[in-house]
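Structural features, examined
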Amino acid sequence: MKAKGVHESSSSSGNTQTAQQSHAGIFFLILACFFLSVTTALIYEILWMRLISRILGGAPFAVSTILVVFMGGLGVGSWLAGRKADGIDHRRLIRVYGFLELGIGLYALCVPALLWLFKWICIATYDRLFEYTLLYNLLIFTGALLVLCVPAICMGATLPVLCRFYTQRLDELGTHCGRLYGVNTAGGAAGSVICGFWLIATFGVYGTMLAAVCVNIAIGLVCIRAGKNAPTGGRPHAAPKSSPITPTQQAQGALPSSQRAGALVIFAVSGFCAMAYEVLWTKLLGLMIGPTTYSFTIVLTTFIVGLALGNMAFGFWADRTRNVFRLLVLTQGIAALSVLGASQLMGQSQLFFARLLYTFSASFVLQSLTKALALFAFMVIPTFFLGACFPLAVKIWTPSISRVGNSIGVAYAVNTAGAVAGSFLAGFILIPFLGKELSLSIVTGVQISTAAIVGLIAWPGSEKGQSRWRGAMALGLCAGVLLCAAFPSWNRLTLAIGKYHRFEELRILELVAGGQGWLKSLFFGAHMLADAESGKLVYYGDGIGGFTTVLKYSGPFGDVEYSMANSGKMDASSRGDMKTQTLLAHFPMLFSQNPKTVMVLGLASGVTAGEILHYPVDRLDVIDINDRVFEGAAFFTPWNNGVLKNPKTRLIVQDGIAHLTLSQNKYDVIISEPSNPWMAGMASLFTRDFFTLARERLTVDGIYVQWFHCYQMDWNTFALVGRTFAEVFPHSILVSAEPAGLGRDYLFVGFK
C-alpha cells in the first residue's frame, strides 16, 4: 500500500510538472504571437497611411483623420472585448484571439480594393466640395471610418482578451498587464523601425503588406490550434458569488470609489498628454535633427521604447507596493516635470545635434544610431514614468478577478479616447493657435494639475498622513504651475533656421567642428548660435501643415533682403533665389501657346506665382499644404506682384498629390517647386507616379516644369530622377537656372 501511495504521489507530481510546462509553453507562445501581431499592426498603419496618402495626399487633416479612426477603433475594440472576455472559457480565449488575428489578416487583403472605391468617390466630389472645408473633411472622415474601423476594432480587442487569459490572481494583475502592454508598445516600436528603414525599401508597399498578412494568418492558425490543445487549468472562470475571497481581492475591493475613479481620470489625462507630447516633440525635433522620414521614425521609436520600459517595470512594482494609488499620483507628477525639463533642453539643443550630425556624417547607420541614443537619453525619464500609468491604473481600477477583462477594456478605451483627443488637439488647436512652447506648458500643466487635484481629493492613508501629504501635494501643484508658466523658453531666432545641414553655408561650421565641448554645446549652444545670426526674425508661424519663418537682413547701403524657411530649411528669398524663382515662371509661359490656366505647386515667397500674372492668364491655382506660407509670403509683396490678393489667383491649402488626383481641372502649365526631396513627405513629388499624374492633368499642348537641385545630392540620385522624368515626358529638356552656366538649381521641362 505504501509503495502504491508513493507511486501515485510520484505520478501526480509528474502530471503537475507536465501541466506547468504546458502552461509555460502556451503562455510564452501567446506572448510571442502578441509581439508579432502588434508589429504587424504598426506596419499596417504605416502602409495604409501611404496608400491613403496617394488619394488624399499628406494633408494634415487627412493624416490625423486616419490616426483618429485607427486609434478610436482600438478603443472601441477594447471596450467591446472587455465586456465579453470575463465570461469566456480559458481555452476559448486563445481561440478568440486567434480568430481576431485571422480576421485582421484577411481584411487587410481587402483594404487596397476598398481604398480604390474610396478614391473614385473622392474624385467624383472633390471639385464640388473642396471649397467647403467642413463638408469635404467630413467625407474623408466617413470614408476612412468605413474602410479602417473593422481591423482597428479587432486589434483593440486583443489586449483585454489576453490580459484576461494571463491573469489568474489579482496579486499578479500589474505584472501581467504591464508585461502585455510593454510587449504591445515594444512590438509597435519594432514595427515602425523595420517598416520605416527596411521592409518598404526592400519589398515595396504591397510586398510588405502581403508579408504582414501572412504573419497575421499564421498567428491566427497557431493560436486556434493552441486553444484546442491548451490545458483546462489556467485562470479561473468568473467565480460565483459564494466563492471565498482572497486577502488580495478583499484589499483591492476595499479601495474607495474616489480612488478608483481618480485613477481612471489620471489614465485618461495621461493618454491625452502622452500623445500631445509625441506630436509636439516630433515637430520640435524635426528642427533639430532634420524633418526627414528616418528622423521621425527614430523619434517615434525612442518614445515608444521608453513607454514599454515603464509599462513592464511599474507592472512589476504594482503587485509589490502597499500603496498603488500614491505611486500612480507621484509617477504622473514626475512625468510632467521631467517632460518640462526635457523640452527645455531639446529646444536649445540645435548646436548639440548639429555637432552630432556633422561628427557622424560619414556613416548613415552610425549617425542614425547616435541620434537614437541621444534622443533616448532626452526622453527616457519622462516616457518611463508615462509608461507607469497603465499597469498602476488598471491595478487600482480592477475590483475583482472576475472583472479583469471588463476593467481593462474600459480603462484602455478611456486612455485611447484621451490619446485621440491629445493627438487631434495638439495638431489642430494648440500648435496653430498657441505654438509649441505654450502648448507644452499647458499640457504639462494639465498633467501636473490633474495628478495633484486627484491626489488631494482621494489621497490614501491615515488622517494625520493625509494632512501632511495634502500639504505636500498643494505645494507641488503651486510649484508645478509656476514652472509651467516659466518653461519651456526657447530662442526663436535660432529655431527659425535649421542647423541640421549645409553647415558651411550657415556660418556655424566653426561652432560645429570647433573645440566646443558637448555639454557646452547642449546648455549654451542657443546663445552661441544667436550671436552668429545676423538676421532679424519678422515672422514665426507654427501651423497645422508646417512651421514657417521669415527673416529680414539689412545690407550695407540700407537695402533689405527677406528669406523664408520651412521646417528650418531656407526655401525662398528676395535676392539670392530670384533667378530660379523667376525662370520657373517665364520659361514655360514663353514657350506655351496662349496659356490660360496655370497651376503652381509650392507658394513660398510667391515670386514664381506672381511672375505668372504678367501674362494674360484666366486662372492661377496656387497649391500649398502649409497654411502659414500664405501669411509669410505677405512680406514678399514688393517682389511677388501682389499675387495673394489678385482676383485671378486661387490659393488652395491642399496636398499637391491630392489636388491632381481628385481634381478634374486641366492646366496649360504646371510648375512644381516643392522643398528638397529629402524633407519628409516631399520625395513622393519626384516619382514616376507623380510625374504621370501631372502629365494627365495637362492640356494637349501643356508644359510641366519641375524644380530640382544638385547640392546635397549625388550624381546617381540626380540621374535617377532625371531618367524617371524623361520616361514620363519623352519630349523634355534640362535647363540650368544659372545664366552664366552650370549652377545648383535646374529645371526639368516636359512637353506633353
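Residues numbered from 1 in each chain as written. Predicted model: local features only at pLDDT ≥ 70, side-chain atom pairs only at ≥ 80, totals over all residues. Heavy atoms only, no water.

Points about the pairing of strand β2 (residues 547-554)
Among the eight residues of β2, six are classified as buried, and the element is accordingly described as predominantly covered. Of the strand pairs in this sheet, strand β1 (residues 536-542) and β2 are connected by six bridges, and their pairing is antiparallel. Bridged to Y540 within β2 is T549. In this antiparallel pair of consecutive strands, β1 and β2, the connection spans four residues. Pairing of β2 with strand β3 (residues 560-566), which is carried by seven bridges, proceeds in the antiparallel orientation. Residue pairing in the sheet places T549 in a bridge with A565 of β3. Between the antiparallel neighbours β2 and β3 lie five residues, among them G558 with a positive phi of about 85°. (Buried < 20%, exposed > 50% of the residue type's maximum accessible area, 1.4 Å probe, protein only. Helix = DSSP H or I, 4+ residues; strand = E, 2+ residues; numbered from the N terminus. Pairing = 2+ DSSP bridges.)

Observations regarding the sheet that holds strand β7 (residues 649-653)
Pairing is mixed across the open sheet formed by seven strands, whose spatial order is β7-β6-β5-β8-β9-β11-β10. The open sheet has two edge strands, β7 and β10 (731-736), and neither has a second partner. Across the sheet, the mean angle from the axis of one strand to that of its neighbour is 15°, orientation sign disregarded. The pairing of strand β6 (residues 619-624) with β7 spans five bridges and is parallel. (Axes fitted to C-alpha atoms, helices over the stretch in contact; angles between N-to-C directions.)

Some remarks on the packing of aromatic side chains
Tallying each qualifying case throughout the model produces 44 aromatic pairs. Residues F691 and F725 carry aromatic rings whose centres are separated by 5.2 Å and whose planes lie at 80° to one another, so their mutual orientation is edge-to-face. Linking F691 in helix α22 (residues 688-696) with F725 in helix α23 (residues 715-728), this pair joins segments that are 34 residues apart in sequence. Taking the relative accessible area as the measure of exposure, F725 reaches 2% and is therefore buried. Taken together, F686, F691, Y704, F708, W715, F718, F725, F729, Y746 and F748 form an aromatic cluster joined through their ring pairs. Sitting above the plane of the W397 ring, R260 keeps its charged end 4.4 Å from the centroid. Looking at R355, its charged tip hangs above the ring of W518, at a distance of 4.4 Å from the centre. (Phe/Tyr/Trp six-rings, centres within 6.5 Å; stacked < 30°, edge-to-face > 60°. Lys NZ or Arg CZ within 6 Å of the ring centre and 35° of its normal.)

A closer look at the state of the cysteines
For the structure on display, the rule yields zero disulfides. Left without a disulfide partner, C154 is nearest to the cysteine sulfur of C149, which lies 9.4 Å away. (Disulfide = S-S within 2.5 Å.)

Some details on the sheet that holds β1
One open sheet accounts for four strands, arranged β1-β2-β3-β4; its pairing is antiparallel. The open sheet has two edge strands, β1 and β4 (569-573), and neither has a second partner. Averaged over all pairs of adjacent strands, the angle between strand axes in this sheet comes to 25°, irrespective of strand direction. Where β3 meets β4, four bridges bridge the pair, whose relative direction is antiparallel. Bridge pairing in β4 places A565 opposite M570. Sheet contacts for helix α13 (residues 404-458): β1 and β2; angle to β1, the most-contacted strand, approximately 120°. (Contact = heavy atoms within 4.5 Å.)

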